[in-house]
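Each chain is listed here by its residues.
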Amino acid sequence: MKKTILVTGGAGFIGSHLCEMYIAEGYNVVCVDNLVSGNLNNLSEIIKHPAFTFVQGDIRDRELMMQIFQAYKPNEINHHAAQKSVAYSVENPSYDLDINLVGLMTILDCVKAHPIENFIYVSSGGALSKKIEGNEKSSETDTPQLISPYALTKFTGEKYIEMYAAQYGYDFTVVRYANIYGPRQVPDGECGVIPIFLNNILAEKPSVLMTYPDMPNGCTRDYVYVGDVVEINKLASQKPANTVVNVGTGEEIAILDIYKEILTVFEKDVAIFIEAPRAGDVRRSVLDAQRAEDLLGWKSKVTLHEGLTKLRAHLEVRK
Ligand SMILES: NC(=O)c1ccc[n+]([C@@H]2O[C@H](COP(=O)([O-])OP(=O)(O)OC[C@H]3O[C@@H](n4cnc5c(N)ncnc54)[C@H](O)[C@@H]3O)[C@@H](O)[C@H]2O)c1
């Protein structure tokens with residue numbers, strides 16, 4: 001029998017790629033999204049598919065969520081809806097708490113009433129990074145720095161998912177993403193540096209780089225192409241890890257080097273200016289994803305150069 005998956009935030013950048021994957025894998029897909037940052041255009045390939053249902057609504061709407069669970073009886077949940085910006089969480093911690101934890105708790109209350117088999121919960125390996133030194137990489141067992149409300153809500157969400165797994169009888173995987181990029185990403189939020197730079201570069205406008213005196217090339221990050229992220233979600237649906245797994249490439253790259261790589265791939269030459277850093281940002285982030293390989297057989301395949309080249313091809317087709 002066909003399985004049904006509820007994808008929250010499925011009209012967003014990553015969620016829309018996941019909805020397409022689940023349809024291709026033969027699932028019935030129910031997507032709930034309030035379109036605060038998502039867009040129905042992201043779902044244009046599948047919106048009319050008979051196995052796809054879109055519900056416009058808020059994950060904090062208890063009545064609506066209970067109705068969705070009652071009507072569609074999902075076997076699985078893939079929870080991507082979130083307040084996703086570190087900077088916004090610093091300015092608006094109550095909103096961050098409301099979406100990322102009250103919203104999650106609403107879903108968990110539905111799961112209590114309508115048991116499911118599998119829960120995929122998205123967290124942030126970048127925001128939950130420890131203070132890395134030298135050639136270290138963040139691992140799932142490190143103590144995170146927790147220097148932003150977003151980091152706190154994502155980390156607490158992980159604990160709720162783990163805590164209720166045995167009680168509510170579901171398997172789970174917490175996927176801790178590094179920084180994700182690819183088609184459909186819009187320039188805002190936690191990880192918009194590639195689309196922000198790209199928009200500026202294509203408009204021939206200079207960008208700004210936030211630097212520290214000891215890090216003149218800016219913060220460092222680990223960049224994963226969205227196709228690799230789709231793959232780990234597919235694997236987590238097939239064989240849950242029942243733990244937290246990092247989703248990263250293990251390659252640490254400074255923001256200035258990302259800028260230069262975009263210039264190379266898009267064959268442009270536009271200036272960048274230096275600015276002071278923002279509150280809440282982790283300075284260095286690179287993830288050790290060995291556990292994802294051991295438990296799920298997942299390893300990132302797409303290099304930054306290849307990913308940016310795919311992104312350029314995608315944008316040229318859309319012109
Ligand atoms: N993009 C990254 O690099 C990255 C890194 C780490 C973690 N994440 C996490 O991945 C998930 C998806 O991020 P994304 O980059 O695709 O962002 P996105 O903004 O494109 O997707 C989030 C989706 O959730 C929806 N949404 C937000 N609040 C909602 C609510 N209250 N009810 C229903 N829908 C709601 C939005 O409309 C949007 O479609 C988020 O949980 C984010 O924290 C992303």
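See the structure printed just above.
Let me sum up the structure you'll find in this document. (Residues numbered from 1 in each chain as written. Predicted model: local features only at pLDDT ≥ 70, side-chain atom pairs only at ≥ 80, totals over all residues. Heavy atoms only, no water.)

1. Some points on the overall build of the protein chain
Here is the rule: Helix and strand definitions here come from DSSP, where helices need a minimum of 4 consecutive H or I residues and strands a minimum of 2 consecutive E residues; each element is numbered from the N-terminal end. Only C-alpha atoms enter the radius of gyration; for comparison, a globular chain is expected to reach 2.2 Å times N to the power 0.38, where N is the number of residues. Think of it in three bands: with a 1.4 Å probe and only protein chains considered, a residue is buried below 20% of the maximum accessible area for its type, exposed above 50%, and partly exposed in between. Note on definitions: a residue-residue contact is assigned when non-hydrogen atoms from the two residues lie within 4.5 Å. Under the convention used here, a 1.4 Å probe and the Shrake-Rupley method define accessible areas, while residue burial counts only the protein chains that appear. When charges are counted, neither His nor the chain ends are considered; positive counts come from Lys and Arg and negative counts from Asp and Glu. Lysine's charge is taken at NZ, arginine's at CZ, aspartate's at CG and glutamate's at CD.
Broken down by element type, the protein chain carries 10 helices and 13 strands. Compactness check: the protein chain gives a C-alpha radius of gyration of 19 Å against a globular reference of 20 Å for 319 residues, within 12% of the reference. The proportion of buried residues among the 319 residues of the protein chain is 55%. The contacts of the protein chain with a sequence gap of at least 6 include a subset with a gap of at least 24, amounting to 79%. Accessible area of the protein chain: about 14000 Å², with a carbon and sulfur share of 51%. Across the protein chain, the mean location of the 31 positive side-chain charges is 2 Å away from that of the 40 negative side-chain charges.

2. Digging into the pattern of salt bridges
Going by this rule: By definition here, a salt bridge exists when the distance from a side-chain nitrogen of Lys or Arg to a carboxyl oxygen of Asp or Glu is within 4 Å.
According to the stated counting rule, one finds 17 salt bridges in the structure shown. Measuring nitrogen to oxygen at the nearest pair gives 2.6 Å for the salt bridge that ties arginine 184 to glutamate 20. On the criterion of sequence distance, the pair formed by arginine 184 in the loop between β7 (179–181) and α6 (193–202) and glutamate 20 in helix α1 (residues 13–24) is long-range, its members being 164 residues apart. Among the residues examined, arginine 184 registers a relative accessible area of 21% and is labelled partly exposed. As a salt-bridge pair, arginine 176 and glutamate 158 come within 2.7 Å of each other at their nearest N and O atoms. Taken as a pair, arginine 176 in strand β6 (residues 171–177) and glutamate 158 in helix α5 (residues 149–168) lie far apart in primary sequence, 18 residues in all. Connected through salt bridges with shared partners, the residues Glu25, Glu231 and Lys234 form a single ionic network.

3. Some words on a nonpolar patch on the surface
Convention followed: Like-charged residues within 9 Å of one another, or nonpolar side chains (Val, Leu, Ile, Met, Phe, Trp, Tyr) within 5 Å, are grouped into patches, provided each residue has over 30% relative accessible area and no salt bridge.
The grouping of Val36, Tyr88 and Tyr95 at the surface amounts to a nonpolar patch, some 280 Å² of accessible area in total. Classification of tyrosine 95 by relative accessible area gives partly exposed; the value is 30%.

4. Brief notes about the site of the ligand
The following threshold applies: Here a residue is considered near a molecule or strand provided that any single heavy atom belonging to it is located within 4 Å of it. Nitrogen and oxygen atoms within 3.5 Å of one another constitute a polar contact, given that in protein one can donate a hydrogen and the other can accept it, and given that sequence-neighbouring residues count only through two side-chain atoms. All residues other than Ala, Val, Leu, Ile, Met, Phe, Trp, Tyr, Cys, Pro, Asp, Glu, Lys and Arg, Gly among them, are scored as polar; the first ten of these are nonpolar and the last four charged.
Lining the immediate environment of the ligand, one finds 29 residues, of which Phe13, Asp33, Ser37, Tyr150 and Ile180 sit closest. For the ligand, an oxygen atom lies 2.8 Å from a polar atom in the side chain of lysine 84. The backbone of isoleucine 180 places a nitrogen or oxygen atom 2.8 Å from an oxygen atom of the ligand. Relative to its unbound accessible surface of 820 Å², the ligand loses 99% to contact with the protein. Those elements that place two or more of their residues in the shell around the ligand are α1, β5 (118–124), α5 and β7. For the shell around the ligand, a count of residues per class yields 15 nonpolar, 9 polar and 5 charged.

5. Concerning the nonpolar core
Here is the rule we go by: For our purposes a nonpolar core is just a set of buried Ala, Val, Leu, Ile, Met, Phe, Trp, Tyr and Cys residues, chained together by side-chain atoms within 4.5 Å.
Counting residues in hydrophobic clusters, the biggest one holds 64 residues, and the most contacted among them are Tyr22, Val29, Ile194, Ile262 and Trp298. What tyrosine 22 contacts, discounting residues up to four positions off in sequence, is Ile5, Val7, Tyr27, Val29, Asn78, Ile120, Asn233 and Ser237. Of all hydrophobic cores here, the second largest spans 30 residues; its members include Met105, Leu108, Phe119 and Ala165.

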